[in-house]
Amino acid sequence: MNITVVGSGLMGNALAQVFASIYPVKVLAVVDEDDYYAPVKMNFDIMIAAGAATKEEKENVISRITYTKDKTEAYSDADFIIECVPEIMELKQKVLAEIENYCKVDTILATNTSVMSVTEIASLCKHKERVLGAHFWNPGHLIPLVEVVKTEYADDKYIDMTMELLKKVGKKPILCKKDVPGFVANRLQHALWREAFYMVENGIADAKTVDDACKYGPGLRWPVLGPMENSDMVSIQLSYNIHNYILKYLADNHEPSKCLSEMLEKGDNGFSTGKGWQEWTAEEIVESNKNLREHLINNIK
């Protein structure tokens, strides 16, 4: 199988690395770089230092990746093409529609969008039945989850082929049966964020307390115990009783937290400015990113 990744940014390079563990990969580069392979090399060097990869694996993967700016070369013999261009609807629509001028009639076309409607992205394509979502989570080479999103036009055979492809390259694909905003994981994540922001906004707890509540409480269970299994574990009756009491007290706002707007007005933008919900030194920012990377790498050892 021949794979093509559209875009040589953060996610594009990570996806190329994932697919090149088995398959030849072409990356359509949209900007010039002194060394297109540098991001993949850096990813591997960090993994090698942590004992999660070998130099031989690094060499083999890099040998299977080819960067090109030629669309005919990138698309003509591809069996699976995934776009990783910026989250701009018109751009994604244009890219997928243009690909159809070069690729085979049965090539699977995937979009890596994290929240946008896959159906809308596919609207300009002639063969909408082969267009689907394949949302990798950042960092794409370390997080197992990939959300495969089915549109109302999608042919099940292309969905099944994509699920099998992702399993072969070591990912954990899940199927989102309906093309809804946020798919599965982002809907869950932002339901939690809404409640977290609400509690800080209303003085129930400060930002660090909310984070600690997740990290040292239910977050420790999440890698092995999802909400549905947890509900079965504690019983459907208890789940019902708790929701019958608590749901009316939970956040139900349909606009972003006013705290977000206030922070943006003051120029506070999180890590990039050193202040958001909390204040961050340069050393703390480095440590946070390092902790996340090490945790994810340990998960794949």
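- Per an unreviewed UniProt entry, the protein chain is named 3-hydroxyacyl-CoA dehydrogenase, and its organism is Candidatus Epulonipiscium fishelsonii.

1. Digging into the overall build of the protein chain
At step 1: Broken down by element type, the protein chain carries 13 helices and 8 strands.
At step 2: By the compact-globule yardstick of 19 Å for 301 residues, the protein chain fits well, its C-alpha radius of gyration being 21 Å.
At step 3: Counting all 301 residues of the protein chain, 40% fall into the buried class.
At step 4: Long-range contacts, defined here as pairs at least 24 residues apart, represent 66% of the contacts in the protein chain between residues at least 6 apart.
At step 5: When the accessible surface of the protein chain is summed, it comes to about 17,200 Å², and 56% of that surface belongs to carbon and sulfur atoms.

2. Describing the pairing of strand β4 (residues 80–83)
At step 1: The alternating pattern of β4 places Phe80 and Ile82 on one face and Ile81 and Glu83 on the opposite face, and all of these are buried.
At step 2: Both strand β1 (residues 3–6) and β4 contribute to a ladder of 4 bridges, which runs parallel. Note that in β4 the partner of valine 5 across the bridge is isoleucine 82.
At step 3: Here β4 runs beside strand β5 (residues 108–111); their pairing, made up of 4 bridges, is parallel. Across the sheet, the residue bridging to glutamate 83 is threonine 111, located in β5.
At step 4: The parallel pair β4 and β5 is bridged by helix α5 (residues 89–99), and the resulting crossover is right-handed.

3. Section: unusual backbone geometry
At step 1: Cis geometry marks the peptide bond from asparagine 138 to proline 139, where omega comes out at 0°.
At step 2: The backbone phi angle of phenylalanine 183 is positive, close to 55°, even though this residue is not glycine.
At step 3: Given the relative accessible area of 2%, phenylalanine 183 is considered buried.
At step 4: The phi dihedral of serine 235 falls on the positive side, at around 105°, and the residue is not glycine.
At step 5: The residue serine 235 is located in the loop between α10 (227–234) and α11 (236–246) in this model.

Rules and cut-offs
- Residues numbered from 1 in each chain as written.
- Predicted model: local features only at pLDDT ≥ 70, side-chain atom pairs only at ≥ 80, totals over all residues.
- Heavy atoms only, no water.
- Helix = DSSP H or I, 4+ residues; strand = E, 2+ residues; numbered from the N terminus.
- Rg over C-alpha atoms; globule rule 2.2 N^0.38 Å.
- Buried < 20%, exposed > 50% of the residue type's maximum accessible area, 1.4 Å probe, protein only.
- Contact = heavy atoms within 4.5 Å.
- Areas by Shrake-Rupley, 256 points an atom, 1.4 Å probe, with all protein chains shown as cover.
- Pairing = 2+ DSSP bridges.
- Right-handed = clockwise from strand over helix to strand, strands pointing away.

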